[in-house]
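The lines below spell out each chain.
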Amino acid sequence: MNDLIYLEGIKRHYSLGGETVKALDGVDVSIKTNEYISIMGPSGSGKSTLMNIIGCLDTPTEGTYLLDNEPVQNMDDGQLASIRNQKIGFVFQTFNLLPKLTAIQNVELPLVYSNIPKNDRWVQAEIAMEKVNLSDRMKHKPNELSGGQRQRVAIARALVTNPSIILADEPTGNLDSKSGEDIMKVLDGLHRDGNTIILVTHESYIAKHAARTIQILDGKIQKDFQN
């Protein structure tokens, strides 16, 4: 398998109150197509910064980032937005659903931004809802859904553009343990279907769903091992 993601010497430094904060301080990581990775670390370790850089939500201060052999660190905002829309699906702890839209309308939103025709959007959104077993909840609004169902809607929204990479940032953080396990079964299934899954979590039992775990501390990788 080829490297889908290649990071070398990645640094992300911020100026805060006259001091330099080294959120990432020389990170080297390679991730192959269809790998299932968990990233772990305490609060402030740099794991969310690493996720943001992999997801093209932020750019490194220094270093090389190749995504599908393309140098991401040299891209402008428009190019980064295009990658986010086409290659990466995001799942967040807080769901980020629009309360006035139905589930399927939330799912089709990324397609609206891609100027996909309405009929095609609806078909693709229905397929994504089927993948997360929510075909019977398509016309429900978020406040009519449980936390687990809302997160499944969020996963369907991440899937609707057929991205190769799913980035899940604490996807079970706001859920009870049963709902959390249900969400992990969905992510496990997406991995079996061919998606590359990158999961940020602070729960070791969640991290063990991944085949490989990267532990980060003080902006540096401490351990990188197979589960």
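Residues numbered from 1 in each chain as written. Predicted model: local features only at pLDDT ≥ 70, side-chain atom pairs only at ≥ 80, totals over all residues. Heavy atoms only, no water.

Caption draft 1: Here's a closer look at the sheet that holds strand β4 (residues 62–67). With respect to topology, four strands assemble into an open sheet ordered β2-β1-β4-β5, the strand pairing being antiparallel. The sheet is open, and its two edges are formed by β2 (19–32) and β5 (70–71), each paired on a single side. One ladder, built from two bridges, connects β4 with β5; its direction is antiparallel. From the neighbouring strand, Leu 66 faces β5, where its bridge partner is Pro 71. Contacting β1 (3–16), β2 and β4, helix α1 (residues 47–54) runs over the sheet at an angle of about 125° to β1. (Pairing = 2+ DSSP bridges. Helix = DSSP H or I, 4+ residues; strand = E, 2+ residues; numbered from the N terminus. Contact = heavy atoms within 4.5 Å. Axes fitted to C-alpha atoms, helices over the stretch in contact; angles between N-to-C directions.)

Caption draft 2: Spatial organisation of a nonpolar patch on the surface. On the surface, Tyr 14, Leu 16 and Val 21 cluster together into a nonpolar patch covering about 270 Å² of accessible area. Position of Val 21 relative to the elements: it lies in strand β2. (Patch = residues over 30% accessible without salt bridge, like charges linked within 9 Å, V, L, I, M, F, W, Y side chains within 5 Å. Areas by Shrake-Rupley, 256 points an atom, 1.4 Å probe, with all protein chains shown as cover. Salt bridge = Lys/Arg side-chain N within 4 Å of Asp/Glu carboxyl O.)

Caption draft 3: A look at the nonpolar core. Of all hydrophobic cores here, the largest spans 34 residues; its most connected members are Val 107, Ile 155 and Leu 187. At the level of secondary structure, the elements contributing two or more residues to this core comprise α3 (103–113), α4 (118–131), α5 (147–159), β7 (165–169), α6 (177–192) and β8 (196–200). Here this core takes six residues from α5, the largest share from any one element. Sequence-distant contacts of Leu 187, defined by excluding residues within four places in its chain, comprise Tyr 36, Ile 155, Ile 166, Ala 168, Pro 171, Ile 197 and Leu 199. Formed by 29 residues, the second largest nonpolar core is a distinct cluster that contains Leu 4, Ile 10, Ile 54 and Ile 83. (Core = buried A, V, L, I, M, F, W, Y, C linked by side-chain atoms within 4.5 Å. Buried < 20%, exposed > 50% of the residue type's maximum accessible area, 1.4 Å probe, protein only.)

Caption draft 4: Spotlight on the pattern of salt bridges. In total, this model carries 11 salt bridges according to the counting rule given. Glu 70 is the partner of Lys 87 in a salt bridge, and the nearest nitrogen-oxygen pair spans 3.5 Å. Residue Lys 87 is found in the loop between α2 (77–86) and β6 (88–92), and its partner Glu 70 is found in strand β5; the two are separated by 17 residues along the sequence. The residue Asp 224 makes a salt bridge to Arg 212 at a minimum N-O spacing of 2.8 Å. You can see Asp 224 sitting in strand β10 (residues 220–226) and its partner Arg 212 sitting in strand β9 (residues 212–217), a full 12 residues away along the chain. Classification of Asp 224 as partly exposed rests on a relative accessible area of 39%. A relative accessible area of 8% places Arg 212 in the buried class.

Caption draft 5: Fine view of the packing of α3 against α5. Two numbers describe how α3 lies on α5: the axes approach to 7 Å, and their chain directions differ by 30°. With respect to their mutual orientation, α3 and α5 come out roughly parallel. Pair α3 / α5 crosses with right-handed handedness. Along its contact with α3, which presents Ala 103, Asn 106, Val 107 and Pro 110, the element α5 presents Val 153, Ala 156 and Arg 157. Looking at side-chain class alone, the contact of α3 with α5 contains five nonpolar, one polar and one charged residues. (Parallel < 35°, antiparallel > 145°, perpendicular 65-115°, else oblique. Left-handed = near helix turned anticlockwise from the far one by under 90°. Nonpolar A, V, L, I, M, F, W, Y, C, P; charged D, E, K, R; others polar.)

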